[in-house]
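# Analysis of the macromolecular model
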Amino acid sequence: MPSRRLVLLLMFLCLLLLASINLAITLGPVEISSATTWRIAYSEALRLFGLDSPVGEWTVAQYNIVWRIRFPRVLLAALVGSALAVVGVTMQAMVRNPLADPYLLGVSSGASVGAVSVLAWGAFAFAGGHALSLGAFLGAALACALVYRVAGIHGHLSAARLILGGVAVGYFLSGLTSLMTLTSDQRELARSALSWMLGSVAGAQWSHLGLPSLALLVCALGLFSQSRALDALLLGDETAATLGVDAVRIRRALFLIASFLTGIMVAVSGAIGFIGLMVPHAARMLIGSGHRRVLPVSALVGAIFLIWVDVVARIAFQPVEVPVGVITALLGGPFFVWLLCRHGRTPGMRA
Amino acid sequence: MRLETDGLRWEKAARRIVDEVSLHVAPGEFVGLIGPNGSGKSSLLRMIYRVLRPSAGWVALDGQSVWRLSARENARRMAVLAQENDGEFDFSVREMVSMGRTPHQAFLAQEHAEDRQAVAAALLRVGVAHLAERSFLTLSGGEKQRVLIARALAQEARVLVLDEPTNHLDVYHQFEIMTLIRGLKVSVIAALHELNLAAHYCDRLYLIDAGRLVAHGPPVEVLTPGIIRAVYRVRAEVALHPVTRKPGIHFLPDEAAGPPA
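Now for a look at the structure at hand. (Residues numbered from 1 in each chain as written. Chains lettered and ligands numbered in written order. Predicted model: local features only at pLDDT ≥ 70, side-chain atom pairs only at ≥ 80, totals over all residues. Heavy atoms only, no water.)

Okay, the overall build of chain B next. Summing up its helical and strand segments, chain B has 9 helices and 12 strands in all. Relative to its length of 261 residues, chain B is compact, with a C-alpha radius of gyration of 19 Å against a globular reference of 18 Å. Put simply, of all contacts in chain B between residues at least 6 apart along the chain, 64% involve residues at least 24 apart. By element, 50% of the accessible surface of chain B is carried by carbon and sulfur atoms, the whole surface being about 11900 Å². Taken together, the 31 basic and 30 acidic charged side chains of chain B have centroids lying 4 Å from each other. (Helix = DSSP H or I, 4+ residues; strand = E, 2+ residues; numbered from the N terminus. Rg over C-alpha atoms; globule rule 2.2 N^0.38 Å. Contact = heavy atoms within 4.5 Å. Areas by Shrake-Rupley, 256 points an atom, 1.4 Å probe, with all protein chains shown as cover. Lys, Arg positive; Asp, Glu negative; His and termini not counted. Charge placed at Lys NZ, Arg CZ, Asp CG, Glu CD.)

Here the focus is the sheet that holds strand S2 (residues 15-25) of chain B. Residue and element names in this part refer to chain B. If you trace the 4 strands from one edge of the open sheet to the other, you get S2-S1-S4-S5, paired in antiparallel fashion. What marks the edges here is a single partner per strand, and that holds for S2 and strand S5 (64-65). With 7 bridges joining them, strand S1 (residues 3-12) and S2 adopt antiparallel strand pairing. Looking across to S2, one finds that Leu3 is bridged to Val25. (Pairing = 2+ DSSP bridges.)

What follows is about the environment of Gln62(A). Residues and elements named next belong to chain A. Secondary-structure assignment places Gln62 in helix H3 (residues 60-95). Sequence separation of Gln62 and Val30 is 32 residues, and the distance between their C-alpha atoms is 8.6 Å. Not counting residues within four places of it along the chain, the set of residues in contact with Gln62 comprises Ile32, Thr36 and Ile40.

Here we take up the environment of Val89(A). All names here are of chain A. The topology assignment puts Val89 in helix H3. In this structure Val89 comes out as buried when scored by relative accessible area, which is 1%. With 165 residues separating them along the chain, Val89 and Leu254 place their C-alpha atoms 9.9 Å apart. Leaving out residues up to four positions away in the same chain, Val89 has contacts with Pro280, His291, Val294, Leu295 and Ser298. (Buried < 20%, exposed > 50% of the residue type's maximum accessible area, 1.4 Å probe, protein only.)

Okay, the packing of aromatic side chains next. For the coordinates displayed, the defined rule picks out 9 aromatic pairs over all chains. Aromatic pair Tyr148(A) and Phe255(A): ring centres 6.1 Å apart, planes at 70 degrees, arrangement edge-to-face. Placement of the pair is Tyr148(A) in helix H5 (residues 131-151) and Phe255(A) in helix H11 (residues 247-269), with a sequence separation of 107 residues. Accessibility expressed as a relative area gives 17% for Phe255(A), which makes it buried. Aromatic pair Phe175(B) and Tyr201(B): ring centres 6.4 Å apart, planes at 40 degrees, arrangement tilted. Remark: Tyr201(B) occurs in helix H7 (residues 195-201) and Phe175(B) occurs in helix H6 (residues 171-182); sequence separation between them is 26 residues. Under the relative-accessibility criterion, Phe175(B) is labelled partly exposed at 36%. What makes Tyr201(B) buried here is its relative accessible area of 4%. Among the aromatic residues, ring-to-ring pairing joins Trp38(A), Trp67(A), Phe71(A) and Trp206(A) into one connected group. Here the guanidinium or amino end of Arg53(B) rests over the ring plane of Trp67(B), the centre of that ring lying 3.9 Å away. (Phe/Tyr/Trp six-rings, centres within 6.5 Å; stacked < 30°, edge-to-face > 60°. Lys NZ or Arg CZ within 6 Å of the ring centre and 35° of its normal.)

Pasting the structure below:
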């Protein structure tokens, strides 16, 4: 029974995710044992509920590394990886093409423009602490709409136009980000803009996690509830319509979800590329194209994947730490080429 | 279920693609829609299956306008095999067929036992149960059409609209698909290219040319040498087959058709 296989796979992935979080926290220039990690987490959890925490058998340095640095960082990597994979699935259904990815189609660059304009000019000040997320969301929505127009969603959407349109929009918006950064009189901006363009989860704080986790939860559940409609959408608008699915309305919702999630994630981690391309592809190879399977599997695989890519980014080039987006680009580029070469009948490229 | 259209018209760039077409399909009837390339068959069907809003006229199922119904309500009454390419995404045959259950499921609905039964029954009925776990993309043309018919069956619609269901199929599979469709006991309207297939399987035919209805009736009345020559610009002889009692058309392309009589 395939659905039992799915349940087993999901359970396995959940365990793998927990194990990955655990391992990723212990790994680093300062080795910290699992036991210490979980004792610290346990005492923090008790404190959260106002209970007395046991006296620690750990040093202040260990506490700081585990609780203030690595825990939020690893969890942020998991969240962002999960969300970007979900955005990939969403955009692929939206444009009916398995090559869609928020980074490749310039949506992440749009979010960066939005975020940087908040930093450079104080745009959207009325949104207070969420100005950055709001700016990134609007930037992402703008880029998404532009690519949609350029690729000509009406009539047959060709893969070539989609990718070229995405690249053009992405370059333009990256140029805009650079221009705003270089002409701004704020010195801090150059540094943070760089991390937005490269994508990094370094410097994550607990306070960064709230909004992204809520956004991911709401969007993922919303998408999951519509998984049949998403399946129908992959067959084309007319077929979807004859199966009772309002393609235009669903697509509008997907557009909002993709822009929203991309914006929220770029605001905390910058533009990390190719997760939305690689992870859903792997998920489909594992369990087929049905969204009831692809969505949860992609969300879990995305989380696990980005945790480990970030571990590599942290410790492979010691003493230098590289932004995680650099590693995903190094993996994603060849992956894309592999997709193009495979069989000569790569999904999505029969334009 | 009775399907009816009245005065259907569709205009694009001031050109009438479909012009005042009124037709009906009685419950359980198999009606063929024939006509040369570009005569407006597909546009007419698209209006019937409610993805193209007519410039004028209406389409009704049992007297109720399809545009009064939601897409979902409509999908429970009418299933469609369009010519749309079915995409690059890899669904299993079972997944493909279970998509026919989409209009029957409420928001957030799990797949019920009833849905699984409908899917299993549909797979059996068209003889593709053994392909259930195969990938749809790897199937042959005939198998794909059978799976799509199974999807329409799972949809439990009582009207079936088909746009050239035998396109790209070899002779054996053409007959197989047409026999299958005829045996479904639902109202069928199918755009057909192959006149002999239309003559053999359909209860009645509508012939359209340049968007207008030019002839309708039983195959013997529509497929006459005179009409074929006028509309298709090819000479043809028509003879009733002694065994099947169906008209068979022989084309005589080497003899000049001359101006339409």
